Amino acid sequence: MDTTTADRRIIVALDFADRPDAEALVARLGDACGSYKVGLELLTAAGPDLVRELVGRGHEVFLDLKLFEIPNSVAGAVRAAGALGASMVTVHSMGGTGIMTAAVEAAREFPGLRVLALTVVTSMTGSDLADIGIGADPDEQVLRLARLAAEAGCDGVIASPREAGPLRALLGRDPLIVTPGVTLAGVTPAGGDSDGDTGGHARAGSPWAAFGAGASHIVVGRSVTRAPDPVAALRRIASDRGGR
Ligand code: C5P
């Protein structure tokens, strides 16, 4: 497989319950997709071999482990991700500096592995934050956590498209800003409803808006994986940001 021409800044989320469904989508996208996100559902159902195989076929794999554990366990999980050949792994910045530093140090032995900090998951609203005792609104909280992540040495952050601009201004040119919560106009992801709901993304935005605001990568799930023609949907996403 030759994925060298695929735009690796567009990461397709393999949110499937089993390996055959994931493999069917990967086969369908073929060379058109260079980067996949594997999350807890598929990793748990299909096991790590799938990640090794994707890497072996030339894909980059973002292993979305969303780590929030004691530093020793975080470090172990990051090393395991590095040994699988993952390119990106996530840690919750809400867990504090200790676990982010542990992740960054563990990743040092894997030069291709980048540690990304989750700030506020895109489904959370101000009232969700208030429920867990955080008085800041999501925008403030995202910036606060991103600053903490940068100080801990993380390679970048995960944030909603709406937050990409303020984050780029805060972090400067180099850090990665990876944005899920990307939807295409006129496409309602499965799980969303017909009255404009965005499939669980409280702070969604278009691919063009995300890249334009400074995102380095976007993560797209159901808009591609549940589309009748996933290759066409992926092309639409690439052209939404003006093509390559
Ligand atoms: O909604 P979509 O299918 O495009 O989701 C792709 C990825 O975006 C998911 O794997 C999930 O990790 C992330 N996501 C998120 N916040 C949401 C919904 C999805 O971060 N509210």
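Look above for the structure.
Residues numbered from 1 in each chain as written. Predicted model: local features only at pLDDT ≥ 70, side-chain atom pairs only at ≥ 80, totals over all residues. Heavy atoms only, no water.

Asker: What should I look at first to understand the overall build of the protein chain in this one?
Answerer: Assigned secondary structure in the protein chain consists of 11 helices and eight strands. Counting over 244 residues, the protein chain shows a buried share of 51%. The long-range share in the protein chain, meaning contacts at least 24 apart out of those at least 6 apart in sequence, stands at 70%. Carbon and sulfur atoms make up 52% of the accessible area of the protein chain, which totals about 10,500 Å². (Helix = DSSP H or I, 4+ residues; strand = E, 2+ residues; numbered from the N terminus. Buried < 20%, exposed > 50% of the residue type's maximum accessible area, 1.4 Å probe, protein only. Contact = heavy atoms within 4.5 Å. Areas by Shrake-Rupley, 256 points an atom, 1.4 Å probe, with all protein chains shown as cover.)

Asker: Would you explain helix 4 (residues 71-84) in this entry?
Answerer: Side chains three or four residues apart in an α-helix point the same way, a direct result of the helix having 3.6 residues per turn. With 14 residues, helix 4 extends 20 Å from end C-alpha to end C-alpha; this agrees with the ideal 20 Å at 1.5 Å per step. On the buried face of helix 4, the contacting elements are helix 3 (49-56), strand 3 (60-67), strand 4 (88-92) and helix 5 (97-107). Downstream of helix 4 by one or two residues, glycine 85 has phi in the positive range, about 95°. (Expected span 1.5 Å × (residues − 1).)

Asker: Whenever I open this one, the environment of glycine 85 confuses me. Can you help?
Answerer: Here glycine 85 lies in the loop between helix 4 and strand 4. Looking at glycine 85, the relative accessible area reads 29%, which means it is partly exposed.

Asker: Got a minute to help me understand a negative patch on the surface in this structure?
Answerer: On the surface, a cluster of negative charge is made up of Asp15, Asp18, Asp21 and Glu41. The residue glutamate 41 is located in helix 2 (residues 40-46) in this model. (Patch = residues over 30% accessible without salt bridge, like charges linked within 9 Å, V, L, I, M, F, W, Y side chains within 5 Å. Salt bridge = Lys/Arg side-chain N within 4 Å of Asp/Glu carboxyl O. Lys, Arg positive; Asp, Glu negative; His and termini not counted. Charge placed at Lys NZ, Arg CZ, Asp CG, Glu CD.)

Asker: What exactly am I supposed to notice about unusual backbone geometry here?
Answerer: Leave glycine aside and you will find that most residues have negative phi; peptide bonds, for their part, are mostly trans. In this model, lysine 66 sits at a positive phi of 45°, which is unusual for a non-glycine residue. If you trace the backbone, lysine 66 turns up in strand 3. The partly exposed category is assigned to lysine 66, whose relative accessible area is 32%.

Asker: Mind showing me how you'd approach the pairing of strand 3 here?
Answerer: The side chains of a regular strand alternate, residue by residue, between the two faces of the sheet. Taking burial as the measure, the eight residues of strand 3 include six buried ones, the bulk of the element. Handedness of the strand 3-helix 4-strand 4 crossover: right-handed. (Right-handed = clockwise from strand over helix to strand, strands pointing away.)

Asker: Where do I start with the sheet that holds strand 7 (residues 176-179) in this structure?
Answerer: Within a sheet, adjacent strands bond to each other through the backbone by hydrogen bonds, running parallel or antiparallel. Taken together, the eight strands give a closed barrel; going around it, the order is 1-2-3-4-5-6-7-8, and neighbouring strands pair in parallel fashion. Averaged over neighbouring strand pairs, the angle between their axes works out to 25° when direction is ignored. With three bridges joining them, strand 3 and strand 4 adopt parallel strand pairing. Its bridge partner lying in strand 4, leucine 63 is registered against valine 89. In the packing of helix 11 (residues 230-240) onto the sheet, the strands contacted are strand 1 (10-13) and strand 8 (217-220), and the crossing angle to strand 1 comes to about 145°. (Pairing = 2+ DSSP bridges. Axes fitted to C-alpha atoms, helices over the stretch in contact; angles between N-to-C directions.)

Asker: Hey, could you run me through the nonpolar core in this one?
Answerer: Side chains of nonpolar character tend, in soluble globular proteins, to be buried together. In terms of nonpolar packing, the biggest core is built from 71 residues, with Leu14, Leu29, Tyr36, Val38, Leu63 and Val78 touching the most fellow members. For this core, the element with the most residues is helix 5, which contributes seven residues. When sequence neighbours within four positions are dropped, the list of residues in contact with leucine 14 reads Ala22, Leu25, Val26, Tyr36, Lys37, Val38, Leu42 and Leu54. Membership of the second largest hydrophobic core comes to 10 residues, among which are Ile11, Ala13, Leu176 and Val178. (Core = buried A, V, L, I, M, F, W, Y, C linked by side-chain atoms within 4.5 Å.)

Asker: Could you clarify how one ought to interpret the packing of helix 4 against helix 5 in this entry?
Answerer: When two helices pack together, their arrangement is given by the angle between their axes and by how far apart the axes lie. For the pair helix 4 and helix 5, the least separation of the axes is 8 Å and the interaxial angle reads 30°. For the pair helix 4 and helix 5, the crossing hand works out as right-handed. Contacts between helix 4 and helix 5 involve Pro71, Val74, Ala75, Val78 and Arg79 from the former and Gly98, Ile99, Ala102, Ala103, Ala106 and Ala107 from the latter. Grouping the amino acids of the contact of helix 4 with helix 5 by side-chain chemistry returns nine nonpolar, one polar and one charged. (Left-handed = near helix turned anticlockwise from the far one by under 90°. Nonpolar A, V, L, I, M, F, W, Y, C, P; charged D, E, K, R; others polar.)

Asker: Just to check I follow, could you spell out the packing of helix 1 (residues 19-29) against helix 3 for this structure?
Answerer: In the contact formed by helix 1 and helix 3, the axes pass within 12 Å of each other and the chain directions differ by 10°. In terms of axis orientation, helix 1 runs roughly parallel to helix 3. When helix 1 is examined against helix 3, the residues Arg19, Ala22, Glu23 and Val26 are found in contact with a partner set consisting of Asp49, Leu50, Glu53 and Leu54. Here the contact of helix 1 with helix 3 is built from residues that sort into four nonpolar, no polar and four charged. (Parallel < 35°, antiparallel > 145°, perpendicular 65-115°, else oblique.)

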